Amino acid sequence: MLMKEKSIVNISFAGLILLVLAVIYHLNVLFPVFADDIGFTFVSEIGKGLTRKVSNIYDIFETQYSQYHVWGGRCVVHFILQSLLLLGDGVANVLNSIAYLALSLLIYVFINKGNEVKPLLFLLINMVLVFTLPTFSETVLWITGSVNYTWGTLIILFFIYPFYTYFLNGKVNNSWIRSIGMFFAGIIAGWTNENTAFSMILMIIALLVYLKITKKEIPVWIITGLIGACIGYLIMILAPGNYIRSAGVSHNLGLDEVSAFKLFKIRLYNLLQGGLTSILLYLAVFFLFAFFYWKNKSQLQGDYRKPLYASLAFMSASIISYCVLFPTPTFPGRAMFGVVIYALIAIGILFANIPNKNTLVKVVKILTVLSVCVLFFFAFNREYTELVKFSDISKVRENLIQEQKEKGILDIVFTEKETMLPDKEVLTTDSLNFYNVYFAKYYNINSIRLEKSPHW
């Protein structure tokens, strides 16, 4: 590629980065502080519940200690969450936008590793993320959801990247600083998300097996990184709060008195209904691109096996991340986030590396791009329309609460349809409901409730 062409490509790539950042920032601004965000602005104390507003880092540590014992083990991402909320909505929107951009760039780097810069591939990745990520607004824009999934997956991919680079290039870069650093990075990465981190650990183990079989050097930092990841993962899943929360959810769903066989069937049904269609679709696309990759491997430069093995590893990680969700009493769509990211990287590696010399390959790639464009258009239009409506209603609520407070009314009742959130309503007609209580505490009023339950 000529120097002038390279400059044009690099400028185009930089322009697309700024475009993606601008769009995602605009969407972040539209999405208000909502639901669990409000709860996480308070200090949680064991035996006392939500007490005072978080005002410093010590309050966050105190809350995470409490939550570890009574709610769950995701202390790393929840520490980030409370830090963002403490910094304020303006700063949080900027940092959350940067986190999404970093995630999409990292996915691009995994997919396009070793190839020339491809701005359109980066754009294509971002378009695909819009319609493949489960509940995009809830896992990318909503601070609580984003930190749990976008930030958590970003941390995991950052940690995996050195292993991925070593697998492809074979450069050791051993040092005691790197070994110690990877140990602590492993603890953080393993302490992020139950199903995604589990697959991450298995991928590292698979790399060790591969290095052993091929009789290649195993750097110390791979071992220390794996040990750290296992420690972080165990700290997360062994949190007493996990079992308390799981027991509470099972009780609320009436599952604590169900027979083991019936519980197995319920969990299997939830698993299959929650993501089987998506998994089968990703597998179909994966095998299609794998077929074309294999048929055209003679046209590739270098070792054709490494991209294929890497792709297979990520696809396997996707399936494992999905299957690990089996024990959960419920199957929220958000849980598929890591499953989707792993699958997209697997498919993307093949897509980016299939030679374009074959006419059929060109046709398939063109059809793929056109399909992505169409799906993106409809998905983005739907997401944006719903987000604007959600944002507008939230502003109406904010104004109504402020007006009532100025009149001395501290028991707020939402009576008009215009103040009810379609599909995202968490408030109830009971002012003593958990969400209602901390909403009232957040706005410094006595109580808040709906006059009637919404029917949408």
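Preceding this paragraph is the structure being described.
Residue numbers run consecutively from 1 along every chain, following the written order of its sequence. Per-residue local features of the predicted model are confined to residues with pLDDT of at least 70, and side-chain atom pairs are confined, for both listing and counting, to 80 or more; whole-chain, interface and lining totals are unaffected and use all residues. Computation of side-chain values covers all heavy atoms of the structure but excludes hydrogens and water.

Now for the packing of aromatic side chains. Pairs of aromatic rings are described using the distance from one ring centre to the other and the angle between the two planes. In summary, the pairing rule links any two rings of Phe, Tyr or Trp, Trp by its six-membered ring, whose centres are within 6.5 Å, and it sorts them by plane angle into stacked for under 30 degrees, edge-to-face for over 60 and tilted for everything else. A complete count under the given rule lists 32 aromatic pairs for this structure. Centroid distance Phe110 to Tyr161: 5.6 Å. Interplanar angle 80 degrees. Geometry classified as edge-to-face. Here the residue Phe110 occupies a position in helix H5 (residues 89-112), and Tyr161 occupies one in helix H8 (residues 143-169), the gap between them amounting to 51 residues. Put simply, the rings of Phe110, Tyr161, Tyr164, Phe314 and Tyr342 pair up and form one aromatic cluster. Two thresholds decide whether a charge sits over a ring: the Lys NZ or Arg CZ must be within 6 Å of the ring centre and within 35 degrees of the ring normal. Sitting over the ring of Trp221, Arg178 keeps its end group 4.6 Å from the ring centre. Directly above the ring of Phe167 sits Lys306, whose terminal nitrogen or CZ lies 6.0 Å from the centroid. Helix and strand assignments come from DSSP, with helices taken as H or I runs of at least 4 residues and strands as E runs of at least 2, each series counted from the N terminus.

Relative to the elements of secondary structure, Leu50 occurs in strand E2 (residues 49-53). Among the residues examined, Leu50 registers a relative accessible area of 22% and is labelled partly exposed. The spatial distance from the C-alpha of Leu50 to the C-alpha of Lys441 is 9.2 Å, given a sequence separation of 391 residues. Any two residues whose heavy atoms approach within 4.5 Å at even a single point are treated as in contact. What Leu50 contacts, discounting residues up to four positions off in sequence, is Gly39, Phe42, Val43, Ser44, Phe434, Tyr438 and Lys441. Three exposure classes are used, based on accessible area relative to the maximum for each residue type with a 1.4 Å probe and protein chains only: buried under 20%, partly exposed in between, and exposed over 50%.

A word on the packing of helix H10 (residues 194-213) against helix H15 (residues 337-353). Angle between the axes and distance between the axes are the two parameters that describe a pair of packed helices. It is the contact of H10 with H15, at a shortest axis distance of 8 Å, that shows an interaxial angle of 40 degrees. Comparing the axis directions of H10 and H15 gives the class oblique. Seen from H10, the contacting residues are Asn195, Thr196, Ser199, Met200 and Met203; seen from H15, they are Gly338, Val339 and Tyr342. For this scheme, ten residues count as nonpolar: Ala, Val, Leu, Ile, Met, Phe, Trp, Tyr, Cys and Pro. Four count as charged, namely Asp, Glu, Lys and Arg, and the remainder, Gly too, count as polar. Here the contact of H10 with H15 is composed, by residue class, of four nonpolar, four polar and no charged. Helix axes are fitted only over the stretch in contact, all axes being lines through C-alpha atoms; the angle between N-to-C directions runs from 0 to 180 degrees. Should an angle fall under 35 degrees it is taken as roughly parallel, and over 145 as roughly antiparallel, whereas 65 to 115 is taken as roughly perpendicular and any remaining angle as oblique.

For this analysis, a nonpolar core means a set of buried residues of the types Ala, Val, Leu, Ile, Met, Phe, Trp, Tyr and Cys, connected via side-chain atoms within 4.5 Å. Counting residues in each nonpolar core, the largest one holds 133 residues, and the members touching the most others are Leu157, Met200 and Phe314. For this core, the leading source of residues is H15, giving 14 residues. Setting aside chain neighbours within four positions, we find Met200 in contact with Ile156, Phe159, Ile160, Ala189, Gly190, Ala229 and Tyr342.

Moving on, we get to unusual backbone geometry. Here the phi dihedral of Thr135 falls at roughly 40 degrees; this positive angle occurs in a residue that is not glycine. Residue position: Thr135 is located in the loop between helix H6 (119-132) and helix H7 (136-141). A relative accessible area of 34% means that Thr135 is categorised as partly exposed.

Inspection of the secondary structure assignment puts Lys216 in the loop between H10 and helix H11 (220-237). In this structure, the C-alpha to C-alpha distance between Lys216 and Ile319, residues 103 residues apart in sequence, is 28 Å.

On to the environment of Gly274. Residue position: Gly274 is located in helix H13 (residues 260-295). Exposure remark for Gly274: the relative accessible area of 33% places this residue in the partly exposed category. Sequence spacing of Gly274 and Leu410 is 136 residues, and the spatial spacing of their C-alpha atoms is 41 Å. Setting aside anything within four residues of it in sequence, one finds Gly274 in contact with Phe331 and Met336.

Another point: the pairing of strand E3 (residues 411-414). Residues Ile412 and Phe414 line the buried face of E3, whereas the alternating positions Asp411 and Val413 sit on a face that is not buried. Strand pairing follows a simple DSSP-based rule, namely that at least 2 bridges must link the two strands. In this structure, E3 lies alongside strand E4 (residues 447-450), joined through four bridges in parallel fashion. If you follow Asp411 over to E4, its bridge partner there is Ser447.

We define a salt bridge as a contact between a side-chain nitrogen of Lys or Arg and a carboxyl oxygen of Asp or Glu at a distance within 4 Å. Enumeration over the complete set of coordinates arrives at five salt bridges. In this structure, Glu45 and Arg52 form a salt bridge, with 3.0 Å as the shortest nitrogen-oxygen distance. According to the relative accessible area criterion, Glu45 is buried, its value standing at 17%. With its nearest N and O atoms 2.8 Å apart, the salt bridge here joins Arg74 to Glu194. Taken together, the residues Arg74 in the loop between helix H3 (57-70) and helix H4 (75-87) and Glu194 in helix H10 connect sequence positions 120 residues apart. Of the two residues, Arg74 and Glu194, neither departs from the other in class, the shared state being buried.

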